[in-house]
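Given next are the chains, with one letter for each unit.
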Amino acid sequence: MNFQLPVININIESCEGGLRYGSDAERARFDENLIVLVHEGGSPLALKTTSLKIQGYGNSYQGIVGDGGKVLKGDTSVFYTDLSSEKKNPDEYLARNRATLKDGYWTAGEKLVLCGRDSAIGTEDSSVKVNVNGVGNTTDNYGFKAGSEITLVIIDTEGRNVLAKRTAVVEFAGE
């Protein structure tokens, strides 16, 4: 049986953000950390069987804000277990990507917007997982330092193959 990888062209249209907890010159809220991806051609990608990993210098939060929680800064890895709207924040992920999500496929010409607040709200298990310096027990929200480089990898989870790998410099999202 021959298995052929989908041929796709995914590009990063924009990448902006900043650290949620940093100096005034680098501070941006998690919801201001936005990465806009564009499917510019090739095979449609099934949202349920496509995952995504972002790596760079960033931050997240561990614990409960104001009740012994703490900021984690350093090597940050964000993993979207799939690109569907399941187990994600409907006010962020679903609201920004409604048109792309409606048929279950990411097809040529469609954009996908990732946000630092895409993780599920409250105690619900999230399909967005965030690790900072190897620590995985975070709120699963994220921010990446402005001026730093991120690496984004799109993965076919059925065949466990890398479909695309892109890098971008994070532009500052602050005012």
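Residues numbered from 1 in each chain as written. Predicted model: local features only at pLDDT ≥ 70, side-chain atom pairs only at ≥ 80, totals over all residues. Heavy atoms only, no water.

Caption draft 1: Spatial organisation of the overall build of the chain. For the chain, the count of helices and strands is one helix and twelve strands. Counting from the amino terminus, helix and strand elements in the chain follow one another as β-β-β-β-β-α-β-β-β-β-β-β-β. Based on the C-alpha atoms only, the size of the chain along its principal axes is roughly 55 × 30 × 30 Å. Long-range pairs, those at least 24 residues apart, make up 69% of the contacts in the chain with a sequence separation of at least 6. Carbon and sulfur atoms provide 46% of the accessible area of the chain, an area that totals close to 8,800 Å². (Helix = DSSP H or I, 4+ residues; strand = E, 2+ residues; numbered from the N terminus. Contact = heavy atoms within 4.5 Å. Areas by Shrake-Rupley, 256 points an atom, 1.4 Å probe, with all protein chains shown as cover.)

Caption draft 2: Broad picture of the environment of T81. With respect to the helices and strands, the residue T81 is situated in the loop between β5 (70-80) and α1 (90-101). T81 sits in the partly exposed class, given a relative accessible area of 30%. Linking T81 and S126, residues 45 residues apart in sequence, is a C-alpha distance of 9.0 Å. Sequence-distant contacts of T81, defined by excluding residues within four places in its chain, comprise T50, S51, S127, K129 and T157. (Buried < 20%, exposed > 50% of the residue type's maximum accessible area, 1.4 Å probe, protein only.)

Caption draft 3: A look at the side chain of N59. One can find N59 in strand β4 (residues 50-62). Those residues in contact with N59 that lie beyond four places of it in its chain are L19, R20, Y21, F30, V71, L72, K73, T76, V132, N141, Y142 and G143.

Caption draft 4: The arrangement of the sheet that holds strand β1 (residues 8-17) in detail. Spatially, the four strands line up as an open sheet ordered β7-β2-β1-β12, and their pairing is mixed. With partners counted over all chains shown, the strands left at the sheet margins are β7 (111-115) and β12 (171-172), one partner each. One ladder, built from seven bridges, connects β1 with strand β2 (residues 34-42); its direction is antiparallel. If you follow I12 over to β2, its bridge partner there is L37. Against the sheet, α1 makes contact with β2 and β7, and its axis sits at roughly 175 degrees relative to β7, the strand it touches most. (Pairing = 2+ DSSP bridges. Axes fitted to C-alpha atoms, helices over the stretch in contact; angles between N-to-C directions.)

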